[in-house]
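Listed below are the residues making up each chain.
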Amino acid sequence: MPVPPSLRTLLRTIPTLAPVSNRAVLSVSGSQASEFLNGLLACNVQGKQTYGTFLHAQGRVLYDTFLYNSPTPSLSSTGPTYLIEYDPTPSEAPTLMSLLKRYVLRSKVRIRDVSEEWDVWAAWGSEEAKETKEWSWARSGAVEPVWRTSEWPWGTENGTILDRRAPGMGKRMLVRKGETPADASTHELASKDAYLLHRIMHGVPEGSVDIQPMHAFPIESNLDAMGGLDFRKGCYVGQELTVRTYHTGAVRKRILPVHISSPASLPPYALIKPSLLSTTNNAAAKTPRLRGSSTLLSTIAAPGIGSSVGLALVRLEHLRPDIALVTEEKEEQSWKVEPWWADWWPKQPPDEVHDLNSLA
């Protein structure tokens, strides 16, 4: 199921610059900052910028984050200074500040909230580096990128991250509060909604609406394919269940972009129910009962289309041509939901599962 042709006009390809709303920034500095964060993040912290996630001990997501090297390292601190960008929306999860302080113990680190110092911007549509990655599949259905380049994939310019979660996402920048990025001279300035539409069309979940704290599992939330999980690093919080799922589990859900017949955006977490399309009585008798439901996440009205698009956590067993998906609003209004696979999503070789070690 590729991107529906009628929706391809929503893919904004001209150089575009947009603010990213509802983001907070914490500073973690000190001589043991790298070791401290490496024991908490599910990605490998090597003193370089990256994308990753903090997990609960039971393997559910707390925060998906970008980890920057500070553009202005602290003069009063020895060792590196990292800036953690995340969604601070209150939820069932502990605040990220309290979570980090819980694990400080005797680590030589300093943690500060610097959200009032930085804005977050995204830029895309300009010429980008060619994607140099392959894919490693596990038997569970988990998939991870294998980078075929000597350059660090997330970029080396402090305060600017190459957004490798999906091809075409562009880059992400920390800019001093109230200032305009330098890219404003070469990019068209757009709204925060333009960025939301941009990442929906690329099938990229982000923040607490799409990756619900204390509920979402990292692989179902595509953090594996987006490069936010390292299945081979040492111990970190939430590792046991995550690695066990990778090796012996089965991925039954994925976050996918969806086309919704509703002309307006819908509230998140509405259930998407499956129903069999009309069939013969004999065929219906042999068809197993449809189990479970999918869940709608972020949505936005599609300009000029008369419908809307969004992201949804979809049960993979419902992705069949004989199954229709429908979500319901109050007053018994229902809307058709059509998932598709983003263009970049890796295609698993038939009857073949790659192991990362064999690709090294």
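Per-chain numbering applies: the sequence of each chain, read as written, is numbered from 1 onward. Reporting in this predicted model follows two pLDDT cut-offs: at least 70 for local features of residues, and 80 or more for side-chain atom pairs to be given and counted; totals over whole chains, interfaces and linings ignore these cut-offs and use all residues. The side-chain quantities take in all heavy atoms of the structure and omit both hydrogens and water.

In the annotation of an unreviewed UniProt entry, the entry for the protein chain reads Aminomethyltransferase folate-binding domain-containing protein, and the organism field reads Suillus subaureus. The protein chain has a UniProt comment under Sequence similarities (unreviewed entry) that states "Belongs to the GcvT family. CAF17/IBA57 subfamily." UniProt positions are given in the numbering used here, feature names are shortened, and annotations may be inferred rather than shown by experiment. Within the UniProt record for the protein chain, the comment given under Subcellular location (unreviewed entry) is "Mitochondrion".

Student: When you look at the layout of surface pockets in this model, what are you seeing that I'm missing?
Tutor: Rolled over the atoms, a probe sized like a water molecule indicates the empty space that remains. A cavity, in this analysis, means grid points on a 1 Å lattice covering only the protein atoms where a 1.4 Å probe fits yet has no way out; a pocket is instead an open set bounded by protein on both sides within 12 Å along at least five of seven lines, and a residue lines either one if it has an atom within 4 Å of a point. Grid points are joined across faces, edges and corners, and a volume is the space filled by probe spheres set on the points. Volume-wise, the largest pocket comes out at about 460 Å³. Numbered from the N terminus, helices here are DSSP runs of H or I no shorter than four residues, and strands are runs of E no shorter than two. Looking at the lining of the largest pocket, the elements with two or more residues in it are β3 (50-55) and β9 (143-147). Counting residues per element, the lining of the largest pocket draws most heavily on β9, which supplies 4 residues. By residue class, the composition of the lining of the largest pocket is 11 nonpolar, 4 polar and 3 charged. If you go around the second largest pocket, you meet 21 residues; those closest to its centre are S21, L196, R199, E206 and S298. Counting residues per element, the ones that place at least two in the lining of the second largest pocket are α3 (192-201), α4 (207-210) and β15 (294-301). Considering every element that reaches the lining of the second largest pocket, the biggest residue donor is α3, with 5 residues. Across the lining of the second largest pocket, the residue classes tally to 8 nonpolar, 7 polar and 6 charged. Only Asp, Glu, Lys and Arg are considered charged, only Ala, Val, Leu, Ile, Met, Phe, Trp, Tyr, Cys and Pro nonpolar, and every remaining residue, Gly among them, polar.

Student: Any chance you could explain the sheet that holds strand β2 (residues 24-29) here in plain terms?
Tutor: In a beta sheet, neighbouring strands are held together by backbone hydrogen bonds and run either parallel or antiparallel to one another. The strand order across the open sheet built from 5 strands is β3-β4-β5-β2-β6, with neighbouring strands paired in antiparallel fashion. Each edge of the open sheet is held by one strand with a lone partner, namely β3 and β6 (110-113). For this sheet, the mean angle separating the axes of adjacent strands, direction not counted, is 30 degrees. When DSSP finds two or more bridges between two strands, those strands count as paired. In this structure, β3 lies alongside strand β4 (residues 61-69), joined through 6 bridges in antiparallel fashion. Bridge pairing links L55 to V61 in β4. By the convention used here, residues are in contact when the closest approach between their heavy atoms is within 4.5 Å. Axis definition: a line fitted to C-alpha atoms, limited for helices to the stretch in contact. Angles are taken between N-to-C directions and run from 0 to 180 degrees. Against the sheet, helix α2 (residues 96-104) makes contact with β2, β3, β4, β5 (81-86) and β6, and its axis sits at roughly 170 degrees relative to β6, the strand it touches most.

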